[in-house]
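Listed below are the residues making up each chain.
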Amino acid sequence: MVNFLIFGPPGSGKGTQSVRLAEKFNLTHLSTGDMLRAEIAAGTDLGTRMSSIMSRGELVPDEVVIEMIAARIDNTEGSEGFLFDGFPRTVAQTEALEKMLNKRGMKIDSMLVLDVDHDELVKRLVLRADLSGRPDDRDPAVIENRIDVYRAKTEPIIEFCRQRGIYQPVNGMGTIDDIFERLSGFVKKFL
Ligand code: AP5
Ligand code: MG
């Protein structure tokens, strides 16, 4: 099993690229953002409690997403490994993930970080707002807050992964196809 983090600020293309990579390389795509939105759509208690945090662009509590991932991590039958999208988002989540994987004889093999200019991130998310129906895309101030939260709480994970020798920056500017080719090149090395 080979496990990848697909990493980068909001709007960097994590979701777009994960879907394609998962299909091409037979990986299990796990997105905590998608899981949380599914809880909201299903009207569960958890979804109701998390929706206002998400619409402000803040992070939900670590234990909520750690539990979601723990519940999914044993369901990998037939896949080559995991592609974690939007998780981990704090150093505490990273340590929890590492523990979960180690317990099962696995590790985080590579962290692929999509580098995208600030203005391009905002442009992509503003453009998506009409289509996605996501409340956190609708307000430019919330988009800025999501990027700030990423810089403050999520980016420190890069140093954590750099120390483990698994940090791999990837140019996230250009067409979706070009970026997919770049990412595929790095993923291929592990499979
Ligand atoms: P999450 O769902 O993870 O959202 P995000 O990180 O804000 O990122 P996005 O999904 O908006 O962007 P993306 O990088 O996936 O880009 P995409 O491919 O969609 O999290 C949402 C919220 O849930 C968080 O704010 C938090 O509240 C909560 N949450 C989730 N996980 C959590 C965790 N682990 N801990 C705590 N809280 C958590 O692309 C964006 C747009 O750009 C699309 O329209 C796409 O078509 C377009 N696009 C993509 N690539 C290109 C390109 N190359 N050129 C032009 N357009 C492009
Ligand atoms: Mg996403």
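Scroll up for the structure.
As a starting point, this report considers the structure included with it. (Residues numbered from 1 in each chain as written. Chains lettered and ligands numbered in written order. Predicted model: local features only at pLDDT ≥ 70, side-chain atom pairs only at ≥ 80, totals over all residues. Heavy atoms only, no water.)

**Structural notes on the pattern of salt bridges**
Move 1: Applying the stated criterion across every chain, the model contains 13 salt bridges.
Move 2: Asp136 is the partner of Arg146 in a salt bridge, and the nearest nitrogen-oxygen pair spans 3.6 Å. Within this pair, whereas Arg146 is found in helix H8 (residues 140-154), its partner Asp136 is found in helix H7 (residues 135-138), the two being separated by ten residues in sequence.
Move 3: Classification of Arg146 as buried rests on a relative accessible area of 9%.
Move 4: Using a relative accessible area of 9% as the deciding quantity, one classes Asp136 as buried.
Move 5: Residues Arg162 and Glu159 are paired through a salt bridge, measuring 3.3 Å at the closest nitrogen-oxygen approach. In this pair, Arg162 and Glu159 both sit in helix H9 (residues 156-163), three residues apart, roughly one turn of the helix.
Move 6: Judged by relative accessible area, which is 45%, Arg162 ranks as partly exposed.
Move 7: On the accessibility criterion, Glu159 (40% relative accessible area) is partly exposed. (Salt bridge = Lys/Arg side-chain N within 4 Å of Asp/Glu carboxyl O. Helix = DSSP H or I, 4+ residues; strand = E, 2+ residues; numbered from the N terminus. Buried < 20%, exposed > 50% of the residue type's maximum accessible area, 1.4 Å probe, protein only.)

**Points about unusual backbone geometry**
Peptide bonds are mostly trans, and most non-glycine residues show a negative phi.
Move 1: The omega torsion of the bond from Phe87 to Pro88 falls at -5°, within 30 degrees of zero and hence cis.
Move 2: The backbone phi angle of Asn26 is positive, close to 55°, even though this residue is not glycine.
Move 3: On the secondary structure map, Asn26 appears in the loop between helix H1 (14-25) and strand E2 (28-31).
Move 4: Residue Asn26 is classed as partly exposed on the basis of its relative accessible area, which comes to 36%.

**Details of helix H6 (residues 118-132)**
Move 1: Taking 1.5 Å per residue, 15 residues should reach 21 Å; H6 reaches 20 Å between its end C-alpha atoms and fits that length.
Move 2: Of the residues making up H6, those classed as buried are Glu120, Leu121, Val122, Leu125 and Ala129.
Move 3: Here the buried face of H6 lies against H7 and H8.
Move 4: Following H6 by one or two positions, Gly133 has its phi on the positive side, about 70°. (Expected span 1.5 Å × (residues − 1). Contact = heavy atoms within 4.5 Å.)

**Notes on the nonpolar core**
Move 1: Core analysis: the largest hydrophobic core is formed by 31 residues, its most contacted members being Ile69, Phe84 and Leu97.
Move 2: When residues of this core are traced back to their parent elements, those giving at least two are strand E1 (4-7), helix H2 (32-41), helix H3 (45-56), helix H4 (62-72), strand E3 (82-85), helix H5 (91-103), strand E4 (110-115) and H9.
Move 3: Judged by nonpolar contacts, the second largest core, of 15 residues, contains Ile6, Phe25, Leu112 and Val187. (Core = buried A, V, L, I, M, F, W, Y, C linked by side-chain atoms within 4.5 Å.)

**A short note on the site of ligand 1**
Move 1: What surrounds ligand 1 is a group of 31 residues, the closest being Thr16, Thr32, Glu58, Arg89 and Arg128.
Move 2: The separation between an oxygen atom of ligand 1 and a polar side-chain atom of Arg146 is 2.8 Å.
Move 3: With the chains in place, 87% of the 1000 Å² that ligand 1 exposes on its own is no longer accessible.
Move 4: Looking at the shell around ligand 1 residue by residue, the class counts come to eleven nonpolar, eleven polar and nine charged. (Near = heavy atom within 4 Å. Polar contact = N/O pair within 3.5 Å; in protein donor to acceptor, adjacent residues only side chain to side chain. Areas by Shrake-Rupley, 256 points an atom, 1.4 Å probe, with all protein chains shown as cover. Nonpolar A, V, L, I, M, F, W, Y, C, P; charged D, E, K, R; others polar.)

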